[in-house]
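Fold and contact review
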Amino acid sequence: MAEELSEYSKSQLALRNGQDKPQIWVAYRGFIYDVGESRLWKNGMHYEHWAGQDLTEELQEAPHSASVFSKFQIVGKLKDP
Ligand code: HEM
């Protein structure tokens, strides 16, 4: 049976911005991904975007699709406000 994913609020996510806590997390379409292993998200920064937030809208401006998330682990779900 699939394990339930933990839910995190926006403010909990905000602490995982690569500055305040060691984790580097990004939310996309309700799921939170751990991008801490990525060289491209070092210190929480990725081409003028900061980790620790929901970047669903911002992905539309990226030169790549959401397939970039495929190699990263989902660590939780973003709690509805
Ligand atoms: C306009 C801003 C952005 C630029 C110029 C940009 C550029 C890039 C480039 C060049 C790569 C590596 C090559 C590739 O996979 O295509 C990459 C990877 C990635 N991007 Fe972006 N990106 C942008 C915005 C975003 C946003 C908004 C997100 C999150 C929603 C995001 C998430 C990722 C992830 C997770 C990877 C994979 C990192 C890895 O494999 O280590 N990017 N991006």
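Here the structure is shown first, and the text comes after it.
Residues numbered from 1 in each chain as written. Predicted model: local features only at pLDDT ≥ 70, side-chain atom pairs only at ≥ 80, totals over all residues.

1. Quick look at the pairing of strand 2 (residues 25-28)
As paired elements, strand 2 and strand 3 (residues 31-34) share four bridges and run antiparallel to each other. Counted as the bridge partner of Val26 is Tyr33 from strand 3. The turn joining strand 2 and strand 3, which pair antiparallel and follow one another in sequence, is formed by two residues; a positive phi near 45 degrees is taken by Arg29. (Pairing = 2+ DSSP bridges. Helix = DSSP H or I, 4+ residues; strand = E, 2+ residues; numbered from the N terminus.)

2. Details of the pairing of strand 3
Direction of pairing for strand 3 relative to strand 6 (residues 74-78): antiparallel, over a ladder of three bridges. When the sheet's bridge partners are listed, Phe31 is paired in strand 6 with Lys77.

3. As for the nonpolar core
Ranked by size, the top nonpolar core spans 11 residues in total: Leu13, Ile24, Trp25, Val26, Ala27, Ile32, Tyr33, Val35, Trp41, Ala51 and Leu78. For this core, the elements supplying multiple residues, two or more each, are strand 2 and strand 3. Considering each element in turn, this core owes the most residues, three residues, to strand 2. Sequence-distant contacts of Leu13, that is, excluding residues within four places in its chain, are made with Tyr8, Trp25, Ala27, Ile32, Gly52, Gln53 and Leu78. (Core = buried A, V, L, I, M, F, W, Y, C linked by C-beta atoms within 7 Å. Buried ≥ 20, exposed ≤ 12 C-beta atoms within 10 Å, placed from the backbone. Contact = placed C-beta atoms within 7 Å.)

4. Some details on the site of the ligand
Residues in contact with the ligand amount to 18 residues; listed here are only the nearest, Ser38, Tyr47, Leu55, Ala62 and Val68. Looking at side-chain class alone, the shell around the ligand contains 11 nonpolar, four polar and three charged residues. (Near = placed C-beta within 6 Å. Nonpolar A, V, L, I, M, F, W, Y, C, P; charged D, E, K, R; others polar.)

5. With respect to the sheet that holds strand 1 (residues 7-8)
Within the open sheet, the four strands sit side by side as 1-6-3-2. Their pairing is mixed. Unpaired on one side and paired on the other, strand 1 and strand 2 mark the two borders of the sheet.

6. Looking at unusual backbone geometry
What is expected of a backbone is that most residues other than glycine have negative phi and most peptide bonds are trans. Residue Arg29 is not a glycine yet carries a positive backbone phi of 45 degrees. Among the structural elements, Arg29 can be located in the loop between strand 2 and strand 3. On the neighbour-count criterion, Arg29 (11 C-beta atoms within 10 Å) is exposed. For Asn43, which is not a glycine, the phi torsion comes out positive at approximately 60 degrees. You can see Asn43 is positioned in the loop between strand 3 and strand 4 (45-46).

7. Observations concerning the environment of Glu58
Relative to the elements of secondary structure, Glu58 occurs in the loop between strand 5 (49-50) and strand 6. The exposure class assigned to Glu58 is partly exposed, which follows from the 16 C-beta atoms found within 10 Å. Separated by 12 residues in sequence, Glu58 and His46 place their C-alpha atoms 12 Å apart.

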